[in-house]
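# Structural description and commentary
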Amino acid sequence: MTNMLEVEDLTKIFVIGKDANLIAVNNISFNLKHGETLGLVGESGSGKTTVGRCILRLIEPTEGRITIDGEDVTALDATALRNLRANMQLVFQDPFGSLNPRLTVSQTIDEPLKLHGMARAERRERVAEMMRLVGLEPHFYHYYPADLTASEQQRAGIARALATKPEFVVLDEPTSMLDPSARAEVLELLQNIQKELGTAYIFISHDLTSVAKISHRIAIMYLGHIVEHAPTDIIMRSQRHPYSRALLSAVLFPDPARPPDPYVIEGEIPTAINPKPECPLYGRCPIREDACKTEVPPMVEVEPDHFSACRRWREVATGTSA
């Protein structure tokens, strides 16, 4: 299966003062296939949301190349980008804050269709189709966001994002503000929609249980870097980076066959302002070596389809030593 989305050497730098640059995303690469879900995981401040917004060009990348079906998104002018937006959409973290309180559910779903020039009769049919797809009954047609529960608000937001039938959607922590039962419902809804429409997702979250449920592959981010990347089943059972192991050890999975794996990384997360040219985990890593202080380790395939940016595992993979 060919790649629908390709991200190459993406970097985003925010200038925050004289000689002070915050590197929010630091030279990352990945791809996404049609109908696939990539889970982008990391703690707050790791750069996950910035990656999603750079891909959609809601903020401009500093460096790198982003292609969708072979078309270079980073090179598009305003008109071409506007036309492409029907093919790539975003679901926000806050379901209530992302909806216009003065628009009804039907008007909310209709808005992107109107912006992209769809005829009124066709829009009416599409709105009804999207409401059915996300499980909103016809009586919600004239409801306002304040009349809905958080789960229903997020369903309306998902319907709005899917109204133009995009090839892929960036889901920016779409379940973080929902209670556990609503979270499970929305995750199941997203999976059913993917099966029906073939939509690809980038699922951004710090909730590993949700990511593991919905994602085909997982990329783990730390301080603007992707430090590990593999299919979900592989990365959930066998981590090849100290940060990945620490991240998963902090999650209590509802599985009696999976014993706790206490693995703690001590120390504070370093600043992303003018970072040193070293492994981003160097100051906290329990297995660091002197050589880790001289370079940012590249991603290396440590086993089939399993990539890690850890020098220790790179040596195992290549048969070299420090």
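Remember, it's a predicted structure, so these values are computed and weren't measured experimentally. Numbering of residues starts from 1 in each chain and follows the order in which that chain's sequence is written. For a predicted model such as this one, the threshold for reporting local features is a pLDDT of at least 70, and the threshold for listing and counting side-chain atom pairs is 80 or more; totals across whole chains, interfaces and linings nevertheless cover every residue. Where side-chain values are given, they derive from all heavy atoms of the structure, hydrogens and water being excluded.

### A few points about the overall build of the protein
Counted only if it meets this: Numbering of helices and strands starts at the N terminus; helices are DSSP runs of H or I of at least 4 residues and strands are runs of E of at least 2. For the radius of gyration, the atom set is restricted to C-alpha positions; the globular benchmark scales as 2.2 Å times the number of residues to the power 0.38. Here the term buried applies to any residue with accessible area under 20% of the maximum for its type, exposed to any over 50%, and partly exposed to those in between, with areas from a 1.4 Å probe on protein chains only. The contact criterion used is simple: two residues touch if any of their non-hydrogen atoms lie within 4.5 Å. Here the positive residues are Lys and Arg and the negative ones are Asp and Glu; neither His nor the chain ends is included. To locate a charge, the coordinates of NZ of Lys, CZ of Arg, CG of Asp or CD of Glu are taken.
A count of helices and strands for the protein gives 10 helices and 12 strands. Taking 20 Å as the expected radius of gyration for a compact globule of 322 residues, we find that the protein reaches 21 Å, a close match to that expectation. Principal-axis analysis of the C-alpha atoms places the extent of the protein at approximately 65 × 50 × 40 Å. Taken across its 322 residues, the protein has 52% of its residues classed as buried. Counting contacts in the protein only where the partners sit at least 6 residues apart, residues at least 24 apart contribute 63% of the total. Positive and negative charge centroids in the protein, built from 34 and 43 side chains respectively, lie 3 Å apart.

### A word on the packing of aromatic side chains
Aromatic ring pairs are defined here through the distance separating the ring centres and the angle between the ring planes. Counted only if it meets this: What counts as a ring pair is set by centres within 6.5 Å for rings of Phe, Tyr and Trp (its six-membered ring), and what kind of pair is set by the plane angle: stacked under 30 degrees, edge-to-face over 60, tilted for all other angles. Any Lys NZ or Arg CZ that is within 6 Å of a ring centre and within 35 degrees of that ring's normal is treated as a charge sitting over the ring.
For the coordinates displayed, the defined rule picks out 2 aromatic pairs. An angle of 70° between the planes, with centres 5.1 Å apart, marks the rings of F140 and Y143 as edge-to-face. Judged by relative accessible area, Y143 falls into the partly exposed class, the value being 30%. Between the aromatic rings of Y222 and Y243, the centroid separation amounts to 4.6 Å while the plane-to-plane angle is 45°, which identifies the pairing as tilted. With a gap of 21 residues between them, Y222 in strand β9 (residues 217-222) and Y243 in helix α9 (residues 242-249) connect regions that are remote in the sequence. According to the relative accessible area criterion, Y243 is buried, its value standing at 4%. Sitting over the ring of F14, K12 keeps its end group 5.0 Å from the ring centre. If you follow R288 out to its NZ or CZ, it ends over the ring of Y282, 5.5 Å from the centre.

### Points about the pairing of strand β11 (residues 300-303)
Rules: For two strands to pair, DSSP has to find at least two bridges joining them.
Bridge count between β11 and strand β12 (residues 306-308): 3 bridges; the pairing is antiparallel. Counterpart to E301 in the pairing with β12 is F307. Where β11 hands over to β12, the hairpin turn is made up of 2 residues, of which D305 adopts a positive phi near 65°.

### Things to note about the sheet that holds β9
Selection rule: Every angle, taken between N-to-C directions, lies between 0 and 180 degrees, and every axis is a line fitted to C-alpha atoms, over only the stretch in contact when it is a helix.
The strand order β6-β7-β8-β3-β9-β10-β12-β11 describes an open sheet built from 8 strands, whose pairing is mixed. Looking at strand neighbours, the two that pair on one side only are β6 (88-91) and β11, the edges of this open sheet. Direction aside, the axes of adjacent strands within the sheet are offset by 20° on average. When strand β3 (residues 37-41) meets β9, the two strands line up parallel, connected through 4 bridges. Considered in β9, the bridge of L38 is made with R217. Contacts between helix α5 (residues 150-162) and the sheet are confined to β6 and β7 (168-172), with β6 contributing the most and set at about 170° to the helix. Docked against the sheet, α9 engages β3, β9 and β10 (225-231), running at close to 105° with respect to β9.

### Focus: the pairing of β7
The element β7 is extensively covered by neighbouring structure, given that 5 of its 5 residues are classed as buried. The two faces of β7 match: F168, V170 and D172 on one face and V169 and L171 on the other face are all buried. Looking at chain direction, β6 and β7 are connected through 4 bridges and run parallel. Its bridge partner lying in β7, V91 is registered against L171. Bridge count for β7 against strand β8 (residues 200-205) is 5 bridges, and the pairing is parallel. If you follow V169 over to β8, its bridge partner there is Y201.

### As for helix α3 (residues 105-115)
Since there are 3.6 residues in each turn of an α-helix, residues three or four apart along the chain are aligned in direction. Of the positions making up α3, those classed as buried are V105, S106, T108, I109, D110, P112 and L113. Immediately downstream of α3, the backbone of G117 shows phi near 80°, a positive value.

### Here's the deal with the environment of I265
Considering the arrangement of structural elements, one finds I265 in the loop between α9 and β11. Owing to a relative accessible area of 11%, I265 belongs among the buried residues under this scheme. A sequence separation of 18 residues divides I265 from L247, and the C-alpha atoms of the two residues are 9.1 Å apart. I265 has contacts with P242, Y243, A246, L281, R284 and P286, leaving out every residue within four places of it along the chain.

### Focus: the pattern of salt bridges
The test is simple: Each reported salt bridge corresponds to a side-chain nitrogen of Lys or Arg within 4 Å of a carboxyl oxygen of Asp or Glu.
Taken as a whole and judged by the stated rule, the model has 11 salt bridges. A salt bridge links E60 to R57, with the nearest nitrogen and oxygen atoms 3.1 Å apart. On the basis of relative accessible area, E60 is assigned to the partly exposed category, the value being 41%. Salt bridges sharing partners connect three or more residues here, namely E8, R65 and D72.

### Focus: the side chain of S106
Cut-off, in case you're wondering: Counting of polar contacts relies on pairs of N or O atoms within 3.5 Å, with two restrictions inside protein: one atom must be capable of donating a hydrogen and the other of accepting it, and residues adjacent in sequence are counted only when both atoms are side-chain atoms.
Relative to the elements of secondary structure, S106 occurs in helix α3. Looking at S106, its side chain comes within polar contact range of the main-chain oxygen of Y141, at 3.1 Å. Residues in contact with S106, not counting those within four places in the same chain, are V127 and Y141.

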